[in-house]
Number of protein chains: 2
Amino acid sequence: MILPAVRGTRAHRPQPSIEDVAAAAGVSTATVSRAVRGLPRVAQPTRTRILEIAHALGYAASASAAGLATGRTRSVGVVTSSLRHPAYGAAVEGAERALRSQGYSLVLLHLPHPSASARLPIDLNVLCRRVDALLVLGAGTLGKDSIEQLQRSAMPHMVVGLHGEPDNDELEAATTAIRHLVQLGHTDLALFHGGRGAMPRIRPQAGGLDHRTNSLDANSIKLREIRIEGPAGAIAHSRTAFCRLWAGPGPKPTAIVCASDEMALGVFLEAARKGLTIPKNLSLVGMDGQDLGESLELTAVIHCSARRAANGVQSLLAALEGDHSITHPAPWSPELMIRQSTAAPLETGQQPVWLPQ
Amino acid sequence: MILPAVRGTRAHRPQPSIEDVAAAAGVSTATVSRAVRGLPRVAQPTRTRILEIAHALGYAASASAAGLATGRTRSVGVVTSSLRHPAYGAAVEGAERALRSQGYSLVLLHLPHPSASARLPIDLNVLCRRVDALLVLGAGTLGKDSIEQLQRSAMPHMVVGLHGEPDNDELEAATTAIRHLVQLGHTDLALFHGGRGAMPRIRPQAGGLDHRTNSLDANSIKLREIRIEGPAGAIAHSRTAFCRLWAGPGPKPTAIVCASDEMALGVFLEAARKGLTIPKNLSLVGMDGQDLGESLELTAVIHCSARRAANGVQSLLAALEGDHSITHPAPWSPELMIRQSTAAPLETGQQPVWLPQ
DNA sequence: CTGAAAGCGCTAACAA
DNA sequence: TTGTTAGCGCTTTCAG
């Protein structure tokens, strides 16, 4: 019978310290410190010898000691409201990779219940002493108060929107999807997103759209924006939203863009239930497009959150390292993966008539 | 236009140190240290005064300094191979909650490509200096080598199986699902799991089953075990597996238990495609049963991974605190959530005849 | 290029 | 109950 068990005991033999290495190499600790960190002012032969010895001894600097000496922990906190949803998970993965590649570690802070007043899971004061910076995943993850508190504090931080919350990259992604649909001939679209308000730049001035749609006539395009609660329960919520949309009077959109593959699944399931065929009767675009999107054969804008979180980390670290020139994340170009869920709309008159449930 | 940006600058004014508090309270640092940590040997009035002052000053102990002094970091590493799959995300959430409740922080280690030879993402030596213990999520997350290396090391650690990998709790969960189906009258079942080998105790001795199924005749029950690669691509893989199962000769199972809701989705999609109605033609049980399972109206064994990871953390911390009595995680009782995806099988002869594709 | 020495902020004996 | 005193292991001037 296989049982999980705790293995290993502390206080085996203590890890070698920098002094052990220094002694073994016949140099001072200062030199070892420079050598192992790759700093200049160490002769090449000395450096090599030290590195060899350090390796042989299995030496690694104590994070605590280094942290105490430098005042920096070389770790950043990542705040998330949910990990049960691939977009967030992917963002965390992206952040982790980016951080580790720079020698930072990621300490995770999970905020169970996102709400308008969501607070940091732990006190900012204690956080200061544990991480060098904060990456907040999801514009809705922290409430207004906490965000403002963060702004006022000395803690370097960055909020990256996810899940269709208004944010530049998110806009970019939505626009990519919309352009694809418009090019297919759709003129009546719906956008399911997770933002608290409207997606800026799309609704306020429909004209903003036509730049990006290669000058198609934006005025002839109808775009409905529907906010989905999320990310927890996004599947169910978008399903409900879709029902409501279909239950209403008037013509129905011929295509729906979802800010996550989960939302798309909600639409997918409900569409199937209503007997709608995708993409014949309805085109559907997802966001992310990994496992779930792939299995659903969803046309999707890919690599959203992982990339964006990684970009966020980049800027954050750049700022930490004192490079104040880059405070904005590197630009991100959304990539459209065309699969089976989008097609040209049926000709007018060919649209089936939907009976109310 | 909303752009994510790095806010906040370091070196505002330094956080108050323990000395500041001691000075303000007119006591020694040792007393402050005891007071803020809730240790005994501090008079009540003194303690209260210190706490008030500490709070007023916004004091929090430096993790680095405390770590250096005690030799313990009060943080544990959590190794995962994927966060894009809810079961893992949930496990991490569970671990985070458990850790934070004990004042520990969770440093995340993401291992991109799970494989037989998967190695720890960072060197064990450096890890020693950053975390007090390691929680490995998923029995397949680390390769044999790394596991053995871990065993030999002084690092306290624990591996908790997920995603249907052979493991006691996983077995418990599968058995719960199977019992439910057997009680409904199913006698020909399939189990989709993620383990590398067979689920122990189920295959080796089918008799093991009847204990748990309230003494139903285990010999009359057929159980096919099918291993699904996972967790990445679990949806697609289980879909494929289901196809293969259905394409084969002979009778088909009347019920399938999946080790994750994603696997169940794969089956769900393919079943729909084949025109099978759930639960009429096929009963389906998922594992986890949260958002995805709920939307699919899946009967499922719930709260699997979060709870189990939390339990794992408990034991790990108990071991760290020197309590060697508890080295096994607290027992976990799987809870079955019965929804719409399971029902009694059709009578023999009523089963439709499946045409090979 | 290398070393000596002074901390970083806290904890843990041990004394008082 | 409280204070004194050594460190914990590293980094970092500043001399050499």
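Placed above this text is the structure.
Residues numbered from 1 in each chain as written. Chains lettered and ligands numbered in written order. Predicted model: local features only at pLDDT ≥ 70, side-chain atom pairs only at ≥ 80, totals over all residues.

Quick look at the overall build of chain A now. Scanning chain A for helices and strands turns up 13 helices and 10 strands. Here chain A holds 357 residues, and 50% of them are scored as buried. (Helix = DSSP H or I, 4+ residues; strand = E, 2+ residues; numbered from the N terminus. Buried ≥ 20, exposed ≤ 12 C-beta atoms within 10 Å, placed from the backbone.)

Our next topic: the protein's contact with DNA strand D. Around DNA strand D sit 25 residues, and of these A:Ile18, A:Ala30, A:Ser33, A:Ala65 and A:Ala69 come closest. Among the secondary structure elements, those contributing two or more residues to the surface near DNA strand D are helix H1 (18-25), helix H2 (29-37) and helix H4 (63-70) of chain A together with helix H2 (29-37) and helix H4 (63-70) of chain B. No other element matches the five residues that H4(A) contributes to the surface near DNA strand D. Residue composition of the surface near DNA strand D, grouped by class: 14 nonpolar, eight polar and three charged. (Near = placed C-beta within 6 Å. Nonpolar A, V, L, I, M, F, W, Y, C, P; charged D, E, K, R; others polar.)

It is worth spelling out the packing of helix H10 (residues 234-247) of chain B against helix H11 (residues 261-274) of chain B at this point. When two helices pack together, you describe them by how their axes are tilted relative to each other and by the distance separating the axes. All names here are of chain B. Interaxial distance between H10 and H11 falls to 7 Å at its minimum, and their mutual angle equals 50°. If you check the angle between H10 and H11, you find them oblique. Here H10 runs over H11; the crossing is right-handed. In contact with Ala 234, Ile 235, Ala 236, His 237, Ser 238, Arg 239, Phe 242, Cys 243 and Trp 246 of H10, H11 contributes Glu 262, Met 263, Leu 265, Gly 266, Val 267, Leu 269, Glu 270 and Lys 274. Looking at the contact of H10 with H11 residue by residue, the classes come out as 10 nonpolar, three polar and four charged. (Axes fitted to C-alpha atoms, helices over the stretch in contact; angles between N-to-C directions. Parallel < 35°, antiparallel > 145°, perpendicular 65-115°, else oblique. Left-handed = near helix turned anticlockwise from the far one by under 90°. Contact = placed C-beta atoms within 7 Å.)

Turning chain B through 180° and shifting it by 0.0 Å along the axis lays it on chain A, with an RMSD of 0.1 Å. What the superposition gives is, in effect, a two-fold axis relating one chain to the other. The overlap is high: 99% of the interface residues of chain B also sit at the interface in chain A, so the same surface is used on both sides. (Least-squares fit on C-alpha atoms with pLDDT ≥ 70 in both.)

Time to look at the protein's contact with DNA strand C. Contacts to DNA strand C come from 27 residues, most closely from B:Ile18, B:Ala30, B:Ser33, B:Ala65 and B:Ala69. Of all elements in the fold, only H2 and H4 of chain A together with helix H1 (18-25), H2 and H4 of chain B reach the threshold of two or more residues within the surface near DNA strand C. Looking at the surface near DNA strand C, the element that brings in the most residues is H4(B), giving five residues.

Residue and element names in this part refer to chain B. Spatially, six strands are ordered E6-E5-E7-E8-E9-E10 in an open sheet, and the strand pairing comes out mixed. For this open sheet the edge positions go to strand E6 (222-227) and strand E10 (335-337), each flanked by a neighbour on one side alone. Across this sheet, the average inter-strand angle for adjacent strands is 20°, counted without regard to direction. As paired strands, strand E5 (residues 188-193) and E6 are joined by six bridges and run parallel to one another. When the bridges of E6 are listed, Ala 190 appears paired with Arg 224. Here helix H8 (residues 168-184) sits on the sheet in contact with E5, strand E7 (255-258), strand E8 (283-288), strand E9 (299-302) and E10, set at roughly 155° to E8. (Pairing = 2+ DSSP bridges.)

For the rest of this paragraph, the subject is the nonpolar core. In summary, soluble globular proteins display a tendency toward joint burial of nonpolar side chains. By size, the foremost hydrophobic cluster in this structure holds 112 residues, and its most contacted members are A:Ala95, A:Leu135, A:Leu137, B:Ala95, B:Leu135 and B:Leu137. Residues A:Cys258, A:Ala271, A:Leu298 and B:Phe192 belong to the second largest nonpolar core, which totals 80 residues. (Core = buried A, V, L, I, M, F, W, Y, C linked by C-beta atoms within 7 Å.)

The partner chain A presents 79 residues to the 80 residues of chain B that form the contact. Partitioned by chemical class, the residues of the side of chain B that touches chain A number 39 nonpolar, 26 polar and 15 charged.

Residue and element names in this part refer to chain B. Here H1 crosses H2 at 105°, and the two axes come no closer than 8 Å. If you check the angle between H1 and H2, you find them roughly perpendicular. Note on element contacts: H2 touches H1 through Thr 29, Val 32 and Ser 33, opposite Ile 18, Glu 19, Val 21, Ala 22 and Ala 25. Of the residues belonging to the contact of H1 with H2, the class tally is five nonpolar, two polar and one charged.

With that out of the way, let us pick up the sheet that holds strand E4 (residues 157-160) of chain B. Reading across from one edge, E4(A)-E3(A)-E1(A)-E2(A)-E2(B)-E1(B)-E3(B)-E4(B) is the order of the eight strands in this open sheet, with mixed pairing throughout. Of all the strands in the sheet, just strand E4 (157-160) of chain A together with E4 of chain B have a single pairing partner and so form its edges. Averaged over all pairs of adjacent strands, the angle between their axes in this sheet comes to 25°, without regard to strand direction. As judged from the four bridges shared by strand E3 (residues 133-137) of chain A and E4(A), these two strands associate in the parallel manner. Directly across from A:Val136, in E4(A), lies its bridge partner A:Val159.

In this section: H4(A). Every buried residue belonging to H4(A) is among A:Ala63, A:Ser64 and A:Gly67, and all of these are buried. The buried residues of H4(A) all sit within an arc of 95° when viewed along its axis, so they share a single face. Tucked inside the fold, the buried residues of H4(A) contact H4 of chain B. A:Gly71 lies just past H4(A) and shows a positive phi near 85°. (Arc of directions from axis to C-beta.)

Moving on, we come to helix H10 (residues 234-247) of chain A. Between its first and last C-alpha atoms H10(A) spans 20 Å; for 14 residues at 1.5 Å apiece the expected length is 20 Å, and the two agree. Within H10(A), burial applies to A:Ala234, A:Ile235, A:His237, A:Ser238, A:Arg239, A:Ala241 and A:Phe242. As for H10(A), its buried residues are in contact with strand E5 (188-193), strand E6 (222-227), strand E7 (255-258) and helix H11 (261-274) of chain A together with helix H12 (291-295) of chain B. (Expected span 1.5 Å × (residues − 1).)

So, about the pairing of strand E9 (residues 299-302) of chain A. Here strand E8 (residues 283-288) of chain A runs beside E9(A); their pairing, made up of four bridges, is parallel. Counted as the bridge partner of A:Asp288 is A:Ile302 from E9(A).

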